[in-house]
Amino acid sequence: MGDRNERGPATRRRRTTISGEGTVTGTCARQANGGKPGSHGHGEHDTPGGARKHRSSNDGLKDRLSCHRVQESLLSSESGYSNYRGILNWCVVMLVLSNARLFLENLIKYGILVDPIQVVSLFLKDPYSWPAPCLVIVSNVFIMAALYTERRLAVGTVSERTGTFLHCVNLGAILCFPSATVLTVNSMTPVGGVFALGIYTVLLLKLYSYKDVNKWCREIRHAKARTLSRSNSCPSVHRANGNAVHSHVTYPGNLTHRDMYYFIFAPTLCYELNFPRSPRIRKRFLLRRLLEMLFLMQLQVGLIQQWMVPTVQNSMKPFQNMDLSRMVERLLKLAVPNHLIWLIFFYWFFHSSMNFVAELMQFGDREFYRDWWNSETVPYFWANWNIPVHKWCLRHFYKPMLKRGVNKLTAQVAVFLISAFFHEYLVSIPLKMFRLWAFMGMMAQIPLALFVGRFLRGNYGNAAVWISLIIGQPIAVLMYVHDYYVLHYGGVSEGRTV
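Along each chain, numbering runs from 1 in the same order as the chain's sequence is written. Local features are withheld for residues below a pLDDT of 70 in this predicted model, meaning they are given only at 70 or higher, and side-chain atom pairs are given and counted only at 80 or more; totals for whole chains, interfaces and linings count all residues. Each side-chain value is worked out from all heavy atoms of the structure, with water and hydrogens disregarded.

**Q** Can you help me understand the overall build of the chain in this one?
**A** The secondary structure listing takes helices from DSSP runs of H or I that are at least 4 residues long and strands from runs of E that are at least 2 residues long, numbered from the N terminus. Helix and strand counts for the chain stand at 16 helices and two strands. Within the chain, buried positions represent 35% of all 498 residues. Considering only contacts within the chain whose residues lie at least 6 apart along the sequence, 72% involve residues at least 24 apart. Only the protein chains shown count as cover for residues, and all accessible areas are computed by the Shrake-Rupley method using a 1.4 Å probe. Summing over all exposed atoms, the chain offers an accessible surface of approximately 30,500 Å²; the carbon and sulfur share of this is 64%. Three exposure classes are used, based on accessible area relative to the maximum for each residue type with a 1.4 Å probe and protein chains only: buried under 20%, partly exposed in between, and exposed over 50%. By definition, residues are in contact when any of their heavy atoms lie within 4.5 Å.

Take a look at the structure:
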């Protein structure tokens, strides 16, 4: 045991000596490699860390010496910066505040002008006479005439020439009969006339498309020289895995009442034998669209009565006296509520209402508008803000003209001419006066389109389109209201109610 005790301390001293030698050796090695004497660990692992620390210290010195580099200001186009969300929010806040001030000023000056009973009087002069709804009901006669003409053409009892003549007579009657009724019936109000003529205009475009598509089907059938099997139109729907499945319809199986009335109520102007169908009706989506329709309709009526009518009233005297400065001031004052109401109407009709009808009928094609607000040219706006009308013009008017050898510019002018006619048709006949302001406004789009397309690009073109929308519509409104006052009341007074 004594030997063991003597050897123990010696062994411990020997271990200490060995570890101390290792420490001295490692320290010398690190010093030889450029490390600091106080550092720990192996030299191979300390070298990158020391280099990084050296580089960071050099970068810090450089940052102290220079703080500038070549760069563009954020608002310069060369900077490539595009996040202007804060500025957009600021514009929205300023727009809300400025319009809130105008609305408060209107309330202080005029009081509350919203009157639901007056809205009813816009549609009915006499509560026992309902000419506009009766006119809409009579439209079923023209629908049946188109359907039975196509049935006779399908079985060959009527020639193509005779069928074309019958369709032309039917379409001409759709155009002339309601306008003659509106002009001759004294109990027809302007708003009721616009409603009835709008329904008949849509019916005219639909039945024209119905005639064309069935004619194309007959041409295909004759070209194939074989009889297609008859099938049910708008067939009964059965369920497969929880989704609705619709069978394929072929000509002449589409010539049924059910098929015809599905097309009449569908939110489209272009006829097809097999429309794209959605698998089911989404009840929550349908309810949201219905609530939007009801709310926005009330909002439009309230804004027209509270904001737009007093502005139009106060604009009559400057127009009568031809006071240019006051006319411009009233025009700009009317531009704000008019444009706001137009935007609300766009959302109410093209989004809420048409999506509601499409969802109810399981109509699959929901492209009722595109990004017209980004329009940099006038033709782009007119091609994208009302897709159903654009599709009809392209399919049944523009392309057939090109196939007949008409050049593109002439075909485009013809499309604007047809559009100008219907704009004037829907305004002048209900007002029972013909001033051609709407017609000239639409035809003025042609030189405007040429000017914007040649001289303005990008944001400047988009600004020009917006200015034409904001300023152009109030000019037409003031022209028609002024002429209506002069024609029906023999003069202009500021206190008269529109």
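Continuing now.
**Q** Would you mind going over the pattern of salt bridges with me for this structure?
**A** Salt bridge criterion: a side-chain nitrogen from Lys or Arg within 4 Å of a carboxyl oxygen from Asp or Glu. Using the criterion set out here, one finds 12 salt bridges in the structure. Across the pair Glu-160 and Arg-218 runs a salt bridge whose closest N-O atoms are separated by 2.6 Å. A residue pair is termed long-range when its members are at least 10 positions apart, and Glu-160 in helix 6 (residues 160-184) and Arg-218 in helix 7 (residues 190-224) qualify at 58 residues. Since its relative accessible area comes to 34%, Glu-160 is described here as partly exposed. Judged by relative accessible area, which is 3%, Arg-218 ranks as buried. Among the ionic pairs, Asp-483 bridges to Arg-435, the shortest N-O distance being 3.5 Å. Separated by 48 residues along the polypeptide, Asp-483 in helix 16 (residues 458-489) and Arg-435 in the loop between helix 13 (408-431) and helix 14 (437-443) bring together distant segments of the chain. Residue Arg-435 is classed as partly exposed on the basis of its relative accessible area, which comes to 32%. One connected set of salt bridges, linked through shared partners, spans Glu-150, Glu-160 and Arg-218.

**Q** Please explain the layout of surface pockets as it appears in this structure.
**A** Remark: the empty space left among the atoms is shown by a probe the size of a water molecule rolled over them. Cavities and pockets were defined on a 1 Å grid built over protein atoms only: a cavity is a set of grid points that admits a 1.4 Å probe from which the probe cannot escape, a pocket is an open set flanked by protein on both sides within 12 Å along at least five of seven lines, and lining residues are those with an atom within 4 Å of any such point. Grid points are joined across faces, edges and corners, and a volume is the space filled by probe spheres set on the points. Looking at the second largest pocket, its volume works out to about 610 Å³. Lining the second largest pocket are 24 residues, with Tyr-208, Asp-212, His-396, Phe-397 and Pro-400 positioned closest to its centre. Put simply, the parts of the chain that give the lining of the second largest pocket at least two residues each are helix 6, helix 7, helix 12 (387-403) and helix 13. Throughout this entry, Asp, Glu, Lys and Arg are counted as charged residues, while Ala, Val, Leu, Ile, Met, Phe, Trp, Tyr, Cys and Pro are counted as nonpolar. The remaining residues, Gly among them, count as polar. The residue makeup of the lining of the second largest pocket, split by class, is 13 nonpolar, three polar and eight charged.

**Q** Help me understand the packing of helix 5 (residues 131-155) against helix 6, please; the structure alone is not making it clear to me.
**A** Any two packed helices are characterised by the angle at which their axes cross and by the distance between the axes. Note on method: axes are straight lines fitted to C-alpha atoms, helices fitted across the in-contact stretch only, with angles between N-to-C directions ranging 0 to 180 degrees. Axis separation between helix 5 and helix 6 bottoms out at 10 Å; the angle between their running directions is 175°. As the angle between them shows, helix 5 and helix 6 are arranged roughly antiparallel. Counted together, Leu-135, Val-138, Phe-142, Ala-145, Ala-146, Thr-149, Glu-150 and Leu-153 of helix 5 and Glu-160, Gly-163, Leu-166, His-167, Asn-170, Ala-173, Ile-174, Phe-177, Pro-178, Thr-181 and Val-182 of helix 6 form the full contact between these two elements. Per-class residue counts for the contact of helix 5 with helix 6 are 12 nonpolar, five polar and two charged. Roughly parallel means an angle under 35 degrees; roughly antiparallel, over 145; roughly perpendicular, 65 to 115; everything else is oblique.

**Q** Is there a simple way to explain the confidence of the model for the chain in this structure?
**A** Low pLDDT means the predicted atomic positions in that stretch should not be read closely. Per residue, pLDDT measures the predictor's confidence, with a range of 0 to 100. Considering every residue of the chain, the mean pLDDT works out to 81; 81% of them sit at 70 or more. Scored below 50 in pLDDT, residues 1-45 shows 10 contacts in the model against residues more than four places distant or in partner chains. Long-range and interchain partners of residues 227-244, a stretch whose pLDDT sits below 50, account for 38 contacts in this model, where long-range means more than four residues apart.

**Q** How do you make sense of the environment of His-396 when you look at a structure like this?
**A** Checked against the element boundaries, His-396 lands in helix 12. Judged by relative accessible area, which is 3%, His-396 ranks as buried. With 188 residues separating them along the chain, His-396 and Tyr-208 place their C-alpha atoms 8.3 Å apart. Those residues in contact with His-396 that lie beyond four places of it in its chain are Tyr-208, Ser-209, Asp-212, Val-213, Trp-216 and Cys-270.

**Q** Looking at this structure, how should I read the packing of helix 7 against helix 12?
**A** Look at helix 7 against helix 12: their axes get within 11 Å of each other, and the N-to-C directions meet at 50°. Overall, the two elements helix 7 and helix 12 adopt an arrangement that is oblique. Judged by the sense of rotation from one axis to the other, the crossing of helix 7 with helix 12 is left-handed. Where helix 7 approaches helix 12, its residues Leu-205, Tyr-208, Ser-209, Asp-212, Val-213 and Trp-216 are matched on the opposing element by Trp-392, Arg-395 and His-396. For the contact of helix 7 with helix 12, the residue count by class is five nonpolar, two polar and two charged. For any pair of crossing helices, the crossing counts as left-handed if the nearer helix is rotated counterclockwise from the farther one by less than a right angle, and right-handed if it is rotated clockwise.

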